[in-house]
Amino acid sequence: MSNEPIPERAVIRQHKGPSVVWLLPLLAALIAGWLGYKSYTEAGIMINVVFNSAEGLESGKTRVLYKGLPTGEVRSMHLNEDMRTITARIEMHASAEPLLTEDTLFWLVKPEVSLSGVSGLETLLSGYYIGVRPGTGAPARQFTATPDALIAEHDEEGLYISLYAESARSLNRGSPVYFRDMEIGRVLDYRLTDDYQQVIVDLYIDPHYSHLIRKHSRFWNASGIEVSANLPDLTLRMGSLASILAGGIQVHTPDNGDVPLAERGDQFMLYPSYEAAADGIQVYVEFPGTTYLKEGTEVFSRGVQIGRVTGTRISDDLQNLQARLLIDPRARGLLREGSRFWISRADLFNEQPSLQNLLRGQHVELIPGAGGERFRFRAVETPAILPASFTGLAVQLRADTLGSIRRGSPILYREMAVGEVLGHELSDSGDEVIVHAMIRQRYQHLVREGSRFWNASGIRSRFDLQQGLQVETSSLAAIATGGIAFSSDTNGAPAIAGQPFTLYPDERASRENYLSIQIEFPPGPSLQAGSQIRFRDQVVGMIDNLKVLDSTGRLLAQAILYQEGHFLARSGTAFWVVEPQIRLTGIEHAEGLLTGNHVAVEPGRGEETSRFVALDEPPAWRPRPGLNLVLTSPTLGSIAVGSNVFHRGVAVGQITGFQLSQDASRVEIYANIRPRYEQLINQSSVFRNIGGLRASAGLFKGVDISAQSLETILAGGIEFTTPDAAEPVSDGSHFQLLQADNR
């Protein structure tokens, strides 16, 4: 028996759950996912910026800075196809995405030295960089760099105002602004106005000194040296050495504590000298060249003198006279975009003569208007509107013609005067007359949003064959002085001040809700006032009056469209004169023999308009309800407008027009198939000309003469057959027109 120990039997145990070994790939996947997410969220945004040259730009080095903080870097550059500009491919930081909008500006910052100082000095050490100023608008990735290195930003605390000047003499960006020879601000930028007549100078005033600028502060150009000589006196005025070299602006605020402080965006005049600034607000008014005006002529507004004329200058072409006016600073609030200047003369025959005007003599009159401040105006030959002598509701009335209405004409309600006309003027486009009226306060509740005004002046008459002679008159006062009447629906909302209304030619027109238009007709068929305007034989308007434009016989018609015809007042609408046509088959538009010619119209699809030029003949292509086809033929033959289109001897359509093709090699004939028959035509249809007589002769068979019918002999006609089933056709499809004997 052996003494060797008996080995123990191994016990196998099964592990439950995942192995620890799987934690390693799981951890690796988490780390990879986090790195991928970080790479995605921190990935840059690629944009393209176009520069005039690559000077100062380096790929992988030139940075984009916003308020000194790096926000991007140039990655690559390439020359554009125009061979004049380059495109820089820039990677912007993801955090800079809000900066990338349509109006964002980019520019290259580099050192610049001028008399007003040194800018971009930091680039001497760090190298050129690209500046950015965020804008507004939709997100964008394509930009064009601005050539200006200095972009004025209005993001600092302080006062931002603008000055208007005749020139930017000696001024630079960065030029100082002085108050009592102490620097309180600087020039941010300057540019020409939209009409290129003045210069706008943008200023920044330090917040510690913004309280020094008030609404009546006066600015003048303190740059350089000013010499004023008026023998035997000689005046020499010069600013500081800095202002002589770099340019500068002086400001003075008169002692008057009641004037409010200036606000951001306020506008002021920049006077050329101290003398001009000390005297008053300088205003320029342009008069016609024939105007007699001299220095010292007084300027009045509502009977109060507010200034005087200090100088005049005639233009080189003698067409205009520019007057320089100095206006009392207290009247600055009257100088607005809507203000009007004109020459008031002592005239016994003025519409509103007064003893005061007769004693005052010729002077310049100002009527204040609304809008932003303005210091340059063009005078009107006659005042558009005078201030009312009473308070009430101001309304605007728009008409095609003025008639006998004049300033002071009464506004009538139930033949009782409730207001008066203050003035009248042409609209900016010259298409209509604008009448300004005032309704007395005690009656202004009578004017509602739906009120209708009409010209109640003089005597009106109208004659036509159907209704005979009609005569309309108003009151004797309205006949003598002109007048405007109106009616109102008491259920409507009250009118607001300045609300525009249409001034209808008479009471009947106001009830019909007419729309006034102008149509220029070429020489041709006769036309008269009262002629109807028809759309597919339905009356939709009428010709109100006519005048001859020139010796060729062109006519300008003032026309009106009834309410159901308002949709025709769009560009592309065609007008033409229709006159009776006597043919072998009958008389077309026979009613014109009694009532005269009328105007036909086809609607357009453009923008709304009120001015049209009529055609000298009807348009050839006039689609009608149904199927409209184009048939081409070498010749027209006996086909005419109105010729029938037959199928198995039944008339199923008509010819609506025809014209030569663009290359004049064939005739295009336009046919309309009635809606109930349009399914008879498909791509296999064949069209033949069956108009007129067809004859053939032979030596042995004699002469053979054939015709479809008497109607086709006289008026022409077209027949079609559809031999096979095929795809249907659409509007405007083309077919060849064969001759009847062409099989």
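Here the structure is a predicted model, which is why all the values come from computation and not from measurement.

A. Local environment of empty space enclosed by the protein. Tallied over the full model, the rule gives one cavity of 30 Å³ or more. The computed volume of the largest cavity comes to approximately 30 Å³. Lining the largest cavity are Ser217, Arg218, Phe268, Met269, Tyr271, Ile281, Arg332 and Phe375. By residue number, the principal contributor to the lining of the largest cavity is strand β18 (residues 267-271), which donates three residues. Residues of the lining of the largest cavity, tallied by class, amount to five nonpolar, one polar and two charged.

B. Spatial organisation of the packing of aromatic side chains. In the structure shown here, the tally under the stated rule is 12 aromatic pairs. Centroid distance Phe453 to Phe486: 4.9 Å. Interplanar angle 25°. Geometry classified as stacked. In this pair, Phe453 sits in strand β30 (residues 452-455) while Phe486 sits in strand β33 (residues 484-487), placing the two residues 33 residues apart along the sequence. For the pair formed by Phe453 and Phe486, the shared burial category is buried. One aromatic cluster is present, formed by Tyr413, Phe453, Phe486 and Phe501 through successive ring pairs. Over the face of the ring belonging to Tyr190 we find Arg173, whose NZ or CZ atom lies 5.1 Å from the ring centre.

C. Summary view of the pairing of strand β22 (residues 320-327). Among the eight residues that make up β22, seven are buried, leaving the element largely enclosed by the rest of the structure. Where strand β19 (residues 281-288) and β22 come together, eight bridges link them in antiparallel fashion. Its bridge partner lying in β22, Val285 is registered against Ala323. Bridge count between strand β21 (residues 304-314) and β22: seven bridges; the pairing is antiparallel. Looking at the pairing, Thr312 lines up with Ala323 of β22. Between the end of β21 and the start of β22, which pair antiparallel, lie five residues, with Leu318 showing a positive phi angle near 65°.

D. View of the sheet that holds strand β44 (residues 627-633). Strands sit in the order β44-β47-β46-β45-β51-β48-β52 around a closed barrel of seven strands; the barrel is mixed. If you compare each strand with its neighbour and ignore which way they point, the axes differ by 35° on average. Relative to strand β46 (residues 650-660), strand β45 (residues 644-647) runs antiparallel, the two sharing four bridges. Bridged to Val645 within β46 is Gly653.

E. Structural detail: the sheet that holds strand β26 (residues 392-399). Read around the barrel, seven strands follow the order β26-β29-β28-β27-β33-β30-β34 and close on themselves; strand pairing throughout is mixed. Taking the axes of each pair of neighbouring strands and ignoring which way they run, one obtains an average angle of 35° across the sheet.

F. Representation of the confidence of the model for the protein within the structure. Of all residues in the protein, 77% have pLDDT values of 70 or greater, and the mean over the chain is 79. For residues 461-471, every residue scores under 50 in pLDDT, and the model assigns this stretch 17 contacts once sequence neighbours within four places are set aside.

G. Inspection of the pairing of strand β27 (residues 410-413) at higher detail. Neither face of β27 is exposed, since Pro410 and Leu412 on one face and Ile411 and Tyr413 on the opposite face are all buried. Sheet topology note: the β27/strand β28 (residues 416-426) ladder contains four bridges and is antiparallel. In the strand pairing of β28, Ile411 is matched with Gly419. Here β27 folds back onto β28, and the loop between the two strands holds two residues, one of which, Arg414, carries a positive phi near 55°. As paired elements, β27 and β33 share two bridges and run parallel to each other. Within β33, the position partnered with Ile411 by the bridge is Ile484.

H. Representation of the side chain of Ser733. Within the secondary structure, Ser733 is located in the loop between β51 (717-721) and β52 (734-739). At 2.7 Å, the side chain of Ser733 forms a polar contact with the backbone oxygen of Ser730. The residues touching Ser733, leaving out its near neighbours within four places in the chain, are Asn628, Leu629 and Val630.

I. Focus on unusual backbone geometry. Residue Arg414 is not a glycine yet carries a positive backbone phi of 55°. The topology assignment puts Arg414 in the loop between β27 and β28. The backbone of Glu415 sits at a positive phi, close to 65°, despite the residue not being glycine. Of note, Glu415 is situated in the loop between β27 and β28.

J. Structural view of the nonpolar core. The biggest cluster of nonpolar side chains holds 28 residues, and the ones touching the most others in it are Val283, Phe287, Leu325, Phe341 and Val364. Where this core is concerned, the elements lending two or more residues are β18, α4 (274-279), β19, β21, β22, β23 (340-344) and β24 (363-367). Beyond its immediate sequence surroundings of up to four residues, Phe341 is in contact with Val283, Val285, Val299, Leu325, Leu335, Val364, Glu365, Leu366, Phe377, Ala379 and Val380. Listed in part, the 22 residues of the second largest apolar core include Leu397, Ile405, Val418 and Val435.

K. Structural view of the side chain of Gln558. The topology assignment puts Gln558 in strand β38 (residues 555-561). For Gln558, a relative accessible area of 10% corresponds to the buried category.

L. A look at the pattern of salt bridges. Under the defined criterion, the tally for this structure stands at 18 salt bridges. One salt bridge connects Arg191 with Asp202, and the closest N-O pair in it is separated by 2.5 Å. Linking Arg191 in strand β12 (residues 182-192) with Asp202 in strand β13 (residues 199-205), this pair joins segments that are 11 residues apart in sequence. For Arg191, a relative accessible area of 38% puts it in the partly exposed group. What makes Asp202 buried here is its relative accessible area of 9%. Between Arg536 and Glu602 there is a salt bridge, and its shortest N-O distance comes to 3.9 Å. You can see Arg536 sitting in the loop between β36 (532-535) and β37 (538-548) and its partner Glu602 sitting in strand β42 (residues 598-602), a full 66 residues away along the chain. Via salt bridges that share partners, Glu73, Arg75 and Glu91 belong to a single interconnected network.

Quick notes on the rules
- Here, residues in each chain are numbered from 1, in the same order as that chain's written sequence.
- Confidence filtering applies because this is a predicted model: local features only for residues at pLDDT of at least 70, side-chain atom pairs given and counted only at 80 or more, and all residues used for totals across whole chains, interfaces and linings.
- Excluding hydrogens and water, the side-chain figures rest on all heavy atoms present in the structure.
- Cavities and pockets are defined on a 1 Å grid built over the protein atoms alone: a cavity is a set of grid points where a 1.4 Å probe fits but cannot escape, while a pocket is an open set with protein on both sides within 12 Å along at least five of seven lines, and lining residues are those with an atom within 4 Å of any such point.
- Grid points are joined across faces, edges and corners, and a volume is the space filled by probe spheres set on the points.
- Working definition: helices are DSSP H or I runs of at least four residues, strands are E runs of at least two. Numbering for both runs from the N terminus.
- Nonpolar residues are Ala, Val, Leu, Ile, Met, Phe, Trp, Tyr, Cys and Pro. Charged residues are Asp, Glu, Lys and Arg, and all others, Gly as well, are polar.
- Pairing of aromatic side chains here covers Phe, Tyr and the six-membered ring of Trp, requires ring centres within 6.5 Å, and sorts the geometry by plane angle: under 30 degrees stacked, over 60 edge-to-face, intermediate tilted.
- Per-residue accessibility, obtained with a 1.4 Å probe over protein chains only, is compared with the maximum for each type, and a residue is labelled buried under 20%, exposed over 50%, and partly exposed between these values.
- Look at NZ for Lys and CZ for Arg. If either is within 6 Å of the ring centre and within 35 degrees of the ring normal, a charge sits over the ring.
- Note: two strands are recorded as paired if DSSP finds a minimum of 2 bridges between them.
- Lines fitted to the C-alpha atoms define the axes, with helices restricted to the stretch that makes contact. Angles between their N-to-C directions range from 0 to 180 degrees.
- The predictor attaches a confidence to each residue, called pLDDT, with possible values from 0 through 100.
- Working rule for contacts: check all heavy atoms of both residues, and any pair within 4.5 Å makes them a contact.
- A 3.5 Å cut-off defines polar contacts: any pair of N or O atoms within that distance qualifies, except that in protein one atom must be a possible hydrogen donor and the other a possible acceptor, and neighbouring residues in sequence count only when both atoms are side-chain atoms.
- What makes a nonpolar core is a set of buried Ala, Val, Leu, Ile, Met, Phe, Trp, Tyr and Cys residues whose side-chain atoms join them at distances within 4.5 Å.
- Counted as salt bridges are all cases of a side-chain nitrogen of Lys or Arg within 4 Å of a carboxyl oxygen of Asp or Glu.

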